Amino acid sequence: MGEHAIPLDILDDLSSRFIINVPEEERKDLVRICFQIELAHWFYLDFHCAEDYRKLKTCNMKEFATHIFNHIPFLRQHLPRIDSVLEQWKEYKMSVPTFGAIVLNEDLTKVLLVQNYWSKNSWGFPKGKVNEDEDPSHCAVREVFEETGFDISNFIDKNDYIESMIHDRLVRLYIISGVQIDTKFEPQTRKEIKNVEWFLLNDLPTTSKDMTPKVKMGVNPNAFFMVVPFIKRMKRWVMEKNQRDKQASAVANRRHRHKSLGDADRNTETRRSISSVQTVPNGSFIRANKNANTSPIRNRQRSTVERKQNGKFEIKNLSKGAIKRNLFGENNHENNNNNSPMKLAQQLIDSPRPASHNVIKNQQQQVQQQVQQVQRQQQQQQTSYCEDNPVNSQFQNTLNKINLEINNILFKPKSWMHFSFDKQAVLKCF
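Criteria and thresholds
- Residues numbered from 1 in each chain as written.
- Predicted model: local features only at pLDDT ≥ 70, side-chain atom pairs only at ≥ 80, totals over all residues.
- Heavy atoms only, no water.
- Helix = DSSP H or I, 4+ residues; strand = E, 2+ residues; numbered from the N terminus.
- Buried < 20%, exposed > 50% of the residue type's maximum accessible area, 1.4 Å probe, protein only.
- Contact = heavy atoms within 4.5 Å.
- Areas by Shrake-Rupley, 256 points an atom, 1.4 Å probe, with all protein chains shown as cover.
- Expected span 1.5 Å × (residues − 1).
- Polar contact = N/O pair within 3.5 Å; in protein donor to acceptor, adjacent residues only side chain to side chain.
- Pairing = 2+ DSSP bridges.
- pLDDT = per-residue confidence, 0-100.
- Phe/Tyr/Trp six-rings, centres within 6.5 Å; stacked < 30°, edge-to-face > 60°.
- Lys NZ or Arg CZ within 6 Å of the ring centre and 35° of its normal.
- Core = buried A, V, L, I, M, F, W, Y, C linked by side-chain atoms within 4.5 Å.
- Salt bridge = Lys/Arg side-chain N within 4 Å of Asp/Glu carboxyl O.
- Axes fitted to C-alpha atoms, helices over the stretch in contact; angles between N-to-C directions.
- Parallel < 35°, antiparallel > 145°, perpendicular 65-115°, else oblique.
- Left-handed = near helix turned anticlockwise from the far one by under 90°.
- Nonpolar A, V, L, I, M, F, W, Y, C, P; charged D, E, K, R; others polar.

Caption draft 1: Structural view of the overall build of the chain. Counting secondary structure elements, the chain contains 15 helices and 11 strands. The proportion of buried residues among the 430 residues of the chain is 32%. A separation of at least 24 residues holds for 59% of the contacts in the chain among residues at least 6 apart in sequence. Summing over all exposed atoms, the chain offers an accessible surface of approximately 28600 Å²; the carbon and sulfur share of this is 49%.

Caption draft 2: A look at helix H3 (residues 30-48). Here H3 is 19 residues long and its end C-alpha atoms lie 25 Å apart, about the 27 Å a rise of 1.5 Å per residue gives. Of all 19 residues in H3, 14 are buried, a share of seventy percent or more. For H3, the N-terminal cap is Asp 29; the gap from its side-chain oxygen to the backbone nitrogen of Val 31 is 3.3 Å.

Caption draft 3: Structural detail: the pairing of strand S6 (residues 169-179). The buried fraction of S6 amounts to eight of the 11 residues, a majority that puts the element mostly inside the structure. Direction of pairing for strand S1 (residues 98-105) relative to S6: parallel, over a ladder of seven bridges. Each bridged residue has a counterpart across the sheet, and for Ala 101 the counterpart in S6 is Tyr 174. Pairing geometry for strand S5 (residues 161-166) and S6, over six bridges, is antiparallel. Bridge pairing in S6 places Ser 164 opposite Val 171. What sits between the antiparallel neighbours S5 and S6 is a turn of two residues, in which His 167 has the positive phi angle 55°.

Caption draft 4: How the structure looks around the confidence of the model for the chain. Predicted confidence across the chain gives a mean pLDDT of 75, with 60% of residues reaching 70 or more. Segment residues 311-316 is flagged for pLDDT under 50; beyond a separation of four residues in sequence, or across chains, it makes 21 contacts in the model. The low-confidence segment residues 383-387 (pLDDT under 50) makes 10 contacts with residues lying over four places distant or belonging to another chain.

Caption draft 5: Representation of the environment of Lys 214 within the structure. Within the secondary structure layout, Lys 214 lies in helix H8 (residues 212-216). Linking Lys 214 and Leu 204, residues 10 residues apart in sequence, is a C-alpha distance of 9.5 Å. Ignoring sequence-local partners within four residues, the contact set of Lys 214 consists of Val 219 and Asn 220.

Caption draft 6: Representation of the packing of aromatic side chains in the model. Here the structure, examined in full by the defined rule, presents 11 aromatic pairs. The ring of Tyr 161 has Arg 172 sitting right over it, with the charged end atom 4.2 Å from the ring centre.

Caption draft 7: Seen up close, the nonpolar core. Of all hydrophobic cores here, the largest spans 31 residues; its most connected members are Leu 14, Ile 19, Ile 37, Tyr 44, Phe 64, Ile 68 and Leu 75. Of all the elements in the fold, those that place two or more residues in this core are helix H1 (8-18), H3, helix H4 (61-71), helix H5 (73-76) and helix H6 (82-95). Here the element with the most residues in this core is H3; it accounts for nine residues. If we skip the residues at most four places from it in the chain, Leu 75 touches Ile 19, Leu 30, Ile 33, Ile 68 and Phe 69.

Caption draft 8: Region of the structure containing the pattern of salt bridges. Counting across every chain of the model gives 11 salt bridges. Here Glu 26 makes a salt bridge to Arg 32, at a shortest N to O gap of 3.4 Å. Taking relative accessible area as the criterion, Glu 26 reaches 30% and is therefore assigned partly exposed. Between Lys 93 and Glu 38 there is a salt bridge, and its shortest N-O distance comes to 2.4 Å. Taken as a pair, Lys 93 in helix H6 and Glu 38 in helix H3 lie far apart in primary sequence, 55 residues in all. Through salt bridges with shared partners, a single network forms among Glu 134, Arg 142, Glu 143 and Glu 146.

Caption draft 9: Spotlight on the packing of H1 against H3. Closest axis-to-axis distance for the H1/H3 pair is 10 Å, and the angle between their directions is 135°. By the criterion of interaxial angle, the relationship of H1 to H3 is oblique. The chirality of how H1 crosses H3 is right-handed. For the pair formed by H1 and H3, the contact residues are Ile 10, Asp 13, Leu 14, Arg 17 and Phe 18 on the first element and Gln 36, Leu 39, Ala 40, Phe 43, Tyr 44 and His 48 on the second. Across the contact of H1 with H3, the residue classes tally to seven nonpolar, two polar and two charged.

Structure representation (structure tokens):
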């Protein structure tokens, strides 16, 4: 006792902070008092022992409880059986559920472990005992923050956890993934957590006899005795998570590919739509017929642009006959002379069609035969040419008839002599 003696003023301070104010009905429950003594012990280690000028020495829970039981009057009577009281407290403490988290990095290859301040050779997950009426997930968030300084409230899923019964005590660890490897961890409590480090998941032992950490890290597998019960299920969870992510990625790629094809179709439609928009001289745009890219023969209806007197344009549907008429020029009321394109086109339509080449050739042969026949008749009669001679008159009539037939054979309507294409009208038809 003398070696670990605690000054009276510190004992008074700790007693007034954590024990004296406990309700009278709870003072009879020594197990409940031991929880308060544990809080006072942590406070003593974190603050009073940290003051260098006092040169106070640290002590364990049993030594500290002995000082408190001896210092506080209503606890002094229980000092002879302090060992049994602490044993009951430990048994009850072990039955209180513990909640924490398995913190994984972004690629799920490393896990975060903490090293206890007093058990320097053991590593475990950040976790702690639940308070009365405290939600398990809230307890996990609180304990992880106290031991690592990292807030997992935005990562935790209440339905995603691994739990196990260890020494008749429930331990539930929520799985937290996607934490950056360069995160800085700073424990928020003193004299509780010594180190916080990342460990490769494949380097951790799956059984107490697994020597993998001894070979790869030089650490005895017993140092991970609190981790071993969770390693196999944790590796299974990582494998299933990778499979789900792979399947989700494959589905996303297929959707992206289908979306890309859909975008390509829409882009094609857009280009078609853009190509169907024509620019008119005044800078405005008009949209051509939807079937503008089809054959002109198949289009029964065509669209053209007609300029109004006010300078605006409008789309006008023209029939096939109108296109044929428009090919030779628009009907301009200002030009009504006989040589207008519309007049010439009408004359061309009304005029007889010239015969084909074979027909003309046959008719020429017939005319030549008639001419030869007339000449033979003239030689037989041996008469001289005279207009008053009946034979000559008959011959002249025959020649005139032949010339008329020749003109019919080589007929070329007068309209063709004055015909010219209206280029602007032709362009407007397409």
